[in-house]
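Spelled out from the first residue to the last, the chains are:
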Amino acid sequence: ALKDHGWFHLVAYATQNAYQPFNSSFLMCDDLLSLPDIPLACSEPKEFAFLSARPVGSQLRWMQNETTQFAAGLQFSGFKSVVGTMGSLDGSNAYEIISKFYNTIF
């Protein structure tokens, strides 16, 4: 799905690699999507990414809720603009927050 689109909207769980940050991955329904895989998966120019990643499995306190790492990884992968939420969005507030964001920019 990434290769045909320049926009990327992701609300997902993610695994963090504290010692090799660019090997951190998003947990997709059928596989992992690592940060190095993203530029390879996108043939269209990468314009915008919206991200809310909920880190799982981090044993290091300083790594918890480190959405900044994933947002920076997306920007390093070639996205011109990246928005990353601090903390995760859950079902009760995700729709409201995302709707307000997109209504504001359009």
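Predicted model only: the values in this text are computed from it and were never measured. (Residues numbered from 1 in each chain as written. Predicted model: local features only at pLDDT ≥ 70, side-chain atom pairs only at ≥ 80, totals over all residues. Heavy atoms only, no water.)

So, the pairing of strand β1 (residues 7–15)
Residues of β1 alternate between two faces, with Phe8, Leu10, Ala12 and Ala14 buried on one and Trp7, His9, Val11, Tyr13 and Thr15 left unburied on the opposite face. Bridge count between β1 and strand β2 (residues 25–27): two bridges; the pairing is antiparallel. The residue of β2 that forms the bridge with Thr15 is Ser25. (Buried < 20%, exposed > 50% of the residue type's maximum accessible area, 1.4 Å probe, protein only. Helix = DSSP H or I, 4+ residues; strand = E, 2+ residues; numbered from the N terminus. Pairing = 2+ DSSP bridges.)

Focus: the side chain of Ser25
Tracing the chain through its elements places Ser25 in strand β2. Those residues in contact with Ser25, other than ones at most four positions away along the chain, are Ala14, Thr15, Leu32, Leu33, Ser34 and Phe70. (Contact = heavy atoms within 4.5 Å.)

Brief notes about a nonpolar patch on the surface
Taken together, Trp7, Ile105 and Phe106 make up a surface patch of nonpolar side chains, about 370 Å² in accessible area. Here Trp7 shows up in strand β1. (Patch = residues over 30% accessible without salt bridge, like charges linked within 9 Å, V, L, I, M, F, W, Y side chains within 5 Å. Areas by Shrake-Rupley, 256 points an atom, 1.4 Å probe, with all protein chains shown as cover. Salt bridge = Lys/Arg side-chain N within 4 Å of Asp/Glu carboxyl O.)

Focus on the nonpolar core
If you look at the biggest cluster of nonpolar residues, it comprises 16 residues, and the most contacted ones within it are Phe8, Phe26, Ile38, Leu51 and Leu74. Counting only elements with at least two residues in this core, the list comes to β1, β4 (48–56) and α2 (67–76). Per-element tally for this core: the top contributor is β1, with four residues. Other than its neighbours up to four places away in sequence, Ile38 contacts Phe26, Leu33, Leu74, Ser77 and Phe79. Counting residues in hydrophobic clusters, the runner-up holds five residues, among them Phe48, Ala94, Ile98 and Tyr102. (Core = buried A, V, L, I, M, F, W, Y, C linked by side-chain atoms within 4.5 Å.)

Concerning the pattern of salt bridges
Where side chains of opposite charge bring their charged atoms close, a pairing between them can arise. Counted according to the given criterion, the structure contains two salt bridges. For Lys80, the salt bridge goes to Glu47, with nearest N and O atoms at 3.5 Å. One end of the pair, Lys80, is in the loop between α2 and β5 (81–84); the other, Glu47, is in the loop between α1 (37–41) and β4, and 33 residues separate them in sequence. Residue Lys100 pairs with Glu96 through a salt bridge whose shortest N-O separation is 3.2 Å.

Quick notes on helix α3 (residues 94–105)
A rise of 1.5 Å per residue sets the reference length of α3, with its 12 residues, at 16 Å; its end C-alpha atoms lie 17 Å apart and thus fit the reference within 8%. Of all the positions in α3, only Ala94, Ile98 and Tyr102 are classed as buried. One side of α3 holds all its buried residues, which, seen down the axis, span an arc of 40 degrees. The exposed residues of α3 that point more than 90 degrees off its buried face are Lys100, Asn103 and Thr104. (Expected span 1.5 Å × (residues − 1). Arc of directions from axis to C-beta.)

Examining the side chain of Ser34
Looking at the secondary structure, you find Ser34 in strand β3 (residues 32–34). Judged by its relative accessible area of 13%, Ser34 is buried. Looking at Ser34, its side chain comes within polar contact range of the side chain of Asp37, at 2.9 Å. Those residues in contact with Ser34, other than ones at most four positions away along the chain, are Ser24 and Ser25. (Polar contact = N/O pair within 3.5 Å; in protein donor to acceptor, adjacent residues only side chain to side chain.)

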